[in-house]
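An overview of the molecular structure
If you want the building blocks of each chain, they are given just below.
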Amino acid sequence: MATHKLLLLPGDGIGPEVAAEVEKLVAWFTKAGIAAFETERDLVGGAAYDAHGAAISEDAMKRAMQADAVLFGAVGGPQWADVAYEVRPEAGLLRLRKDLALFANLRPAICYAALADASSLKKELVEGLDILIVRELTGGVYFGEPKEIVTLENGQKRAVDTQLYTTGEIERITRVAFDLAKKRRNKVSSAEKHNVMKSGVLWKQVVTDIHKREFAEVELEHVLADNCAMQLVKNPKQYDVIVCDNLFGDILSDVAAMLTGSLGMLPSASLGAEDASGKRKALYEPVHGSAPDIAGRQLANPIAMIGSLAMCLRYSFGLIEAADMLERAITDTLTDGVRTGDIAAPGMNTVSTSGMGDAILERLQTLAR
Ligand code: NAD
């Protein structure tokens, strides 16, 4: 059995609390003989700043480059609000994304039947929802140059951000989206604004070409990004995979996220390009931040982090059965009424972070029997 090298970067705030639950599961998978993991741990974010004066040390970066996958908790907190911009906790995550060249961000939005009441939308609109947003992560307006604020002769200031995409950047994210759709419900919706943006015109053209040349068997639709935002709250179940650029993906994935109820439920994956042996660099993390308001009190919901482990098993290691089993264990735990505070209806009993982790592990053990 192949040994998978995992680097665990718990980070700050609730990061270490939710990461501890993932460690329990990783240990169980190894003990049960389902998969073999070699896990290393290191610091990131404010914790790394306190120890090394940087948001991630060179040693930790080296380990991340050598790992088969990185599991990341969360970074940040008010105690680091005044540290220099280039060593602020978030810089650790940005460095990882950049150096590992993680261009594809996958954010599933799944609404568990047991939690459909927690959504701000009507239950029938979201119950059973299962969509995947594939966001381009390393290009577009967040990185395009020029990016500046200049003072004009008349004393006014002018701010510039540049939305910029090349054919190659659009092609590689499009292929990721089509590949994933083939393993799901076989539909891709490409969101851009070709009506007002040149980058949208090229985006639509490239997606259409790739579809025709390589993925004609997958259903493709083009949707304007603003309409996509409306459709997501009107009839989200019409979507399977949505592919979009960095800016629209940032916004649309947050809209989709909220359909499911709580930040504590949302996993994500960021993937790099395939190397010659078919492996990708990859980082898995919950969508939520370090939640300083509840940190250190065992109040955090670990499901987003545990769901990130399930994505890691599926996308980095091809352990599909193990991933399915872990996701099923999460569903069963919720169906049995186990709740952390963020997803509990009024009057329901709640469990701690480790209580939720233990409950999921128990269901997993039952499923494996
Ligand atoms: P947040 O996601 O940390 O918290 C927002 C709200 O959701 C809080 O009320 C929090 O208690 C709650 N929440 C978040 N995760 C939860 C969980 N697992 N279980 C239960 N409740 C949960 O966002 P924020 O408050 O805007 O930011 C706090 C810090 O996190 C800031 O320093 C910010 O920069 C950082 N941050 C980091 C990341 C990251 O590491 N990827 C992402 C977002 C924010």
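Up top is the structure these notes are about.
We now turn to the structure provided with this report. (Residues numbered from 1 in each chain as written. Predicted model: local features only at pLDDT ≥ 70, side-chain atom pairs only at ≥ 80, totals over all residues. Heavy atoms only, no water.)

Thoughts on the pattern of salt bridges
In the structure shown here, the tally under the stated rule is 26 salt bridges. Where Lys24 meets Glu21, a salt bridge forms, and the shortest distance between an N and an O atom there is 2.7 Å. With Lys24 and Glu21 both in helix α1 (residues 15–31) and 3 residues apart, this pair spans about one turn of that helix. For Lys24, a relative accessible area of 29% corresponds to the partly exposed category. In this structure, Asp336 engages Arg363 in a salt bridge whose closest nitrogen and oxygen atoms are separated by 2.9 Å. (Salt bridge = Lys/Arg side-chain N within 4 Å of Asp/Glu carboxyl O. Helix = DSSP H or I, 4+ residues; strand = E, 2+ residues; numbered from the N terminus. Buried < 20%, exposed > 50% of the residue type's maximum accessible area, 1.4 Å probe, protein only.)

Considering the packing of aromatic side chains
Evaluated as defined, the whole model comprises 4 aromatic pairs. Taking the centre distance of 5.3 Å and the plane angle of 65° together, the rings of Trp28 and Phe29 count as edge-to-face. You can call Trp28 buried: its relative accessible area is 13%. Residue class for Phe29 comes out buried when judged on its relative accessible area of 1%. With a centroid separation of 5.5 Å and 75° between ring planes, the pair formed by Tyr165 and Trp203 is classed as edge-to-face. With a gap of 38 residues between them, Tyr165 in the loop between β7 (157–162) and α6 (167–182) and Trp203 in helix α7 (residues 198–214) connect regions that are remote in the sequence. For the pair Tyr165 and Trp203, one class covers both residues: buried. Sitting above the plane of the Tyr85 ring, Arg88 keeps its charged end 3.8 Å from the centroid. Across from the ring centre of Phe103, 4.1 Å away, lies the NZ or CZ of Arg172, which sits over that ring. (Phe/Tyr/Trp six-rings, centres within 6.5 Å; stacked < 30°, edge-to-face > 60°. Lys NZ or Arg CZ within 6 Å of the ring centre and 35° of its normal.)

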